[in-house]
Amino acid sequence: MKKALTAALAGAMVLATAALAHQGVQNVAVMARMDGMSAIGANMKTLGAMAKGQIAFDAGQANEAVAEEAARIPSLFEAQETDPKSEALPVIWSEFDRFIAIADDLEAAATATAGALNGPEDLGPALKAIGGQCSACHKAYRE
Ligand code: HEC
């Protein structure tokens, strides 16, 4: 009960932070893109908290967290939309194939992991494989 409450509170805080970061975004496509990324970020946080033992390992929740969202990245960035609040670098659209290749790598890592998380000991390697793709893309394509 206490754990569930803590998890719920942590989730609410993640949402509040995301909402704050998105204040003043005018372009709805950019907003959707940020929301999609925030959802991926929230899933990674859940997995991280499980890996650290801050919340109880739940196989269903863990496997769902990795399977979700990754496939959505290409469609979120298809149109070159900008907003003063966006952190997306314009170079995304001049080398879109490379950008998509990293999104595909993320999806492959997530697909390989989804359904294979059977205990907390599986989380570390999964977070490493998936997290590597997050930072690869952010380093090249995010402010
Ligand atoms: C193929 C590229 C790519 C991959 C892979 C990727 N991201 Fe992102 N991410 C971006 C870009 C570009 C932005 C900036 C979007 C904007 O501000 O318009 C972003 C923004 C974000 C944000 C900030 C969203 C906000 O509120 O403004 C979070 C959180 C985030 N990413 C988490 C992740 C996590 C976690 C992963 C891995 C599971 C990941 N991303 C994988 C490209 C990527």
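Thresholds, definitions, all that
Residues numbered from 1 in each chain as written. Predicted model: local features only at pLDDT ≥ 70, side-chain atom pairs only at ≥ 80, totals over all residues. Heavy atoms only, no water. Salt bridge = Lys/Arg side-chain N within 4 Å of Asp/Glu carboxyl O. Helix = DSSP H or I, 4+ residues; strand = E, 2+ residues; numbered from the N terminus. Buried < 20%, exposed > 50% of the residue type's maximum accessible area, 1.4 Å probe, protein only. Donors = N, O, S within 2.8 Å, 3.2 Å for Na, K, Ca; no water. Tetrahedral: all angles 85-135°; square planar, octahedral: opposite > 155°, others 65-115°.

**Student:** Help me out: how do you make sense of the pattern of salt bridges in this one?
**Tutor:** As a working rule, side chains carrying opposite charge can pair if their charged atoms are close by. The full count for this structure, using the stated rule, is 2 salt bridges. Between Arg142 and Glu87 there is a salt bridge; the shortest N-O distance is 2.9 Å. Taken as a pair, Arg142 in the segment after helix 7 (123–141) and Glu87 in the loop between helix 4 (73–77) and helix 5 (91–94) lie far apart in primary sequence, 55 residues in all. Given a relative accessible area of 40%, Arg142 falls into the partly exposed group. Glu95 serves as the salt-bridge partner of Arg98, at 3.0 Å between the closest nitrogen and oxygen.

**Student:** Please explain the coordination of the iron atom of the ligand as it appears in this structure.
**Tutor:** Here the iron atom of the ligand is held by Met37 (SD) and His138 (NE2), and the distances to it run 2.0 to 2.3 Å. Coordination at the iron atom of the ligand comes from 6 donor atoms whose angles at the metal span 85 to 179°, giving a geometry best classed as octahedral. Of the two residues, Met37 sits in helix 2 (residues 28–51) while His138 sits in helix 7, which places them 101 residues apart along the sequence. The class of Met37 is partly exposed, set by a relative accessible area of 28%.

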